Amino acid sequence: EELTDVFVIPRGALRGEDLAYVLGDDQRLVERRVDVVWQDDNTIVVRSGLKTGEQLVTTVPAAAAPGMQVRLPGEAPPKTAGRNGTKAPATTSAENKQP
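I will try to describe carefully the structure that is included in this document. (Residues numbered from 1 in each chain as written. Predicted model: local features only at pLDDT ≥ 70, side-chain atom pairs only at ≥ 80, totals over all residues. Heavy atoms only, no water.)

Below, the discussion takes up the overall build of the protein. When helices and strands are tallied, the protein shows 0 helices and 8 strands. Overall, the protein shows an N-to-C arrangement of helices and strands of β-β-β-β-β-β-β-β. Buried positions account for 31% of the 99 residues belonging to the protein. Considering only residue pairs separated by 6 or more positions, the protein has 66% of its internal contacts joining residues 24 or more positions apart. Summed over all atoms, the accessible surface of the protein reaches about 6300 Å², with 45% contributed by carbon and sulfur. (Helix = DSSP H or I, 4+ residues; strand = E, 2+ residues; numbered from the N terminus. Buried < 20%, exposed > 50% of the residue type's maximum accessible area, 1.4 Å probe, protein only. Contact = heavy atoms within 4.5 Å. Areas by Shrake-Rupley, 256 points an atom, 1.4 Å probe, with all protein chains shown as cover.)

Below, the discussion takes up the nonpolar core. The nonpolar side chains of soluble globular proteins are, as a tendency, buried together. Listed in full, the 11 residues of the largest apolar core are Phe7, Ile9, Ala13, Leu14, Ala20, Val22, Val34, Ile44, Val46, Leu50 and Leu56. Counting only elements with at least two residues in this core, the list comes to β1 (6-10), β2 (19-23) and β5 (43-46). (Core = buried A, V, L, I, M, F, W, Y, C linked by side-chain atoms within 4.5 Å.)

By the bridge criterion, 3 bridges tie strand β4 (residues 36-39) to β5 in an arrangement that is antiparallel. Its bridge partner being in β5, Trp38 is matched across the sheet by Val45. With antiparallel pairing between neighbouring strands as the criterion, β4 and β5 make up a hairpin whose turn holds 3 residues. (Pairing = 2+ DSSP bridges.)

Turning our eyes to something else, we now look at unusual backbone geometry. With a phi angle near 55°, Asp5 is a residue other than glycine that sits in the positive phi range. Residue position: Asp5 is located in the segment before β1. We note that Gln27 has phi near 65°; this positive angle belongs to a residue other than glycine. Along the polypeptide, Gln27 turns up in the loop between β2 and β3 (29-33).

Printed below as a string of structure tokens:
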């Protein structure tokens, strides 16, 4: 069966069986329930729950929670942050792909 209108994401981006995080406009984590239609050891194919152009968090901090503010790799910490600012997760832009 050929799958269409799906997202192919790295396995590490999935939390549990059906949860992924994307970055909101304010650099805060937003939870998304996703519909996993296929997976192997490295890759997951998702039919719904993500939108084209969103920044998918591919390395989720262990203590991640919805609304947690994060910064991207290479960004300076906010001026109000202390010495132990939040470590930036890795992200990738969501794109529809054919597996």
